[in-house]
Amino acid sequence: VQLQASGGGLVQAGGSLRLSCTASGNSFSIYTMGWYRQAPGKQRELVATITSSGTINYSNFVKGRFTISRDNARNTGHLQMNSLKPEDTAVYYCNVRRERLPPYEFWGQGTLVTVSS
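Let me sum up the structure you'll find in this document.

Across its full length, the protein chain carries 0 helices and 11 strands. Each helix and strand of the protein chain, ordered N terminal to C terminal, gives the series β-β-β-β-β-β-β-β-β-β-β. Rg of the C-alpha trace for the protein chain: 14 Å, near the compact-globule value of 13 Å for 117 residues, within the 12% margin. Overall, the protein chain is about 45 × 25 × 25 Å in size when its C-alpha atoms are taken along their principal axes. Taking all 117 residues of the protein chain together, 42% fall into the buried category.

Below, the structure written as structure tokens:
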């Protein structure tokens, strides 16, 4: 599986961005999709995940502001980010993890989100 992330950019605090992640191949529907981020000098951290059946998990720091979604027919996932804060500045990565054995995992190349104050 190859992942292509897009949608990053520069936005003012309080603004919105929508990230997209498109997967190659025809087995996207059996993968959990996730978004992670890595700020300069910090470790990569989980933002949100969505399973193939639609179960969603958010990290506390994005609850109520970000929305994760997926479209299995289009092999695409999205992260709608609202009320952005400067501390949301990071490279955002999409990830898919196979829900069946073997548990293959794949990463996209990352897209930079910069939130100015």
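Moving on, we get to the state of the cysteines. Under the criterion given, the structure shown has 1 disulfide. Through a disulfide, C21 is tied to C94; the S-S separation comes to 2.2 Å. Sign of the S-S torsion, about 60 degrees for the bond between C21 and C94, identifies this disulfide as right-handed. With a gap of 73 residues between them, C21 in strand β3 (residues 17-23) and C94 in strand β9 (residues 90-98) connect regions that are remote in the sequence. Like C21, the residue C94 is buried in the burial classification.

Quick look at the sheet that holds strand β1 (residues 3-6) now. Overall, antiparallel pairing links the 4 strands, which are arranged β1-β3-β8-β7 in an open sheet. One side of each edge strand has no neighbouring strand; the edge strands of this open sheet are β1 and β7 (66-71). In this sheet, neighbouring strand axes are inclined to one another by 15 degrees on average, regardless of whether the strands run parallel or antiparallel. Summarising the sheet, β3 and strand β8 (residues 76-81) pair through 6 bridges and their orientation is antiparallel. The residue of β8 that forms the bridge with L19 is L79.

Further remarks concern the packing of aromatic side chains. The full count for this structure, using the stated rule, is 3 aromatic pairs. Each member of the aromatic cluster is reached from another via a ring pair, and the members are Y31, Y104 and F106. Taking NZ or CZ as reference, R44 lies 4.6 Å from the ring centre of W107, over its face.

The next thing to look at is the nonpolar core. With 28 residues, the main nonpolar core has W35, V47, F66, L79, M81 and Y92 as its most contacted residues. Broken down by secondary-structure element, the contributors of at least two residues to this core are β1, β3, β4 (31-38), β5 (45-50), β7, β8, β9 and β11 (111-116). Not counting the four nearest positions on each side in its chain, F66 is found in contact with R37, V47, Y58, L79, Q80, M81, N82, L84, D88 and Y92.

In this section: the environment of S53. Structurally, the position occupied by S53 is in the loop between β5 and β6 (56-58). Overall, S53 belongs to the exposed group, its relative accessible area being 64%. Linking S53 and Y31, residues 22 residues apart in sequence, is a C-alpha distance of 9.6 Å. A distance of 3.1 Å separates a polar atom in the side chain of S53 from a polar atom in the side chain of T51.

What counts as what
Residues numbered from 1 in each chain as written. Predicted model: local features only at pLDDT ≥ 70, side-chain atom pairs only at ≥ 80, totals over all residues. Heavy atoms only, no water. Helix = DSSP H or I, 4+ residues; strand = E, 2+ residues; numbered from the N terminus. Rg over C-alpha atoms; globule rule 2.2 N^0.38 Å. Buried < 20%, exposed > 50% of the residue type's maximum accessible area, 1.4 Å probe, protein only. Disulfide = S-S within 2.5 Å. Pairing = 2+ DSSP bridges. Axes fitted to C-alpha atoms, helices over the stretch in contact; angles between N-to-C directions. Phe/Tyr/Trp six-rings, centres within 6.5 Å; stacked < 30°, edge-to-face > 60°. Lys NZ or Arg CZ within 6 Å of the ring centre and 35° of its normal. Core = buried A, V, L, I, M, F, W, Y, C linked by side-chain atoms within 4.5 Å. Contact = heavy atoms within 4.5 Å. Polar contact = N/O pair within 3.5 Å; in protein donor to acceptor, adjacent residues only side chain to side chain.

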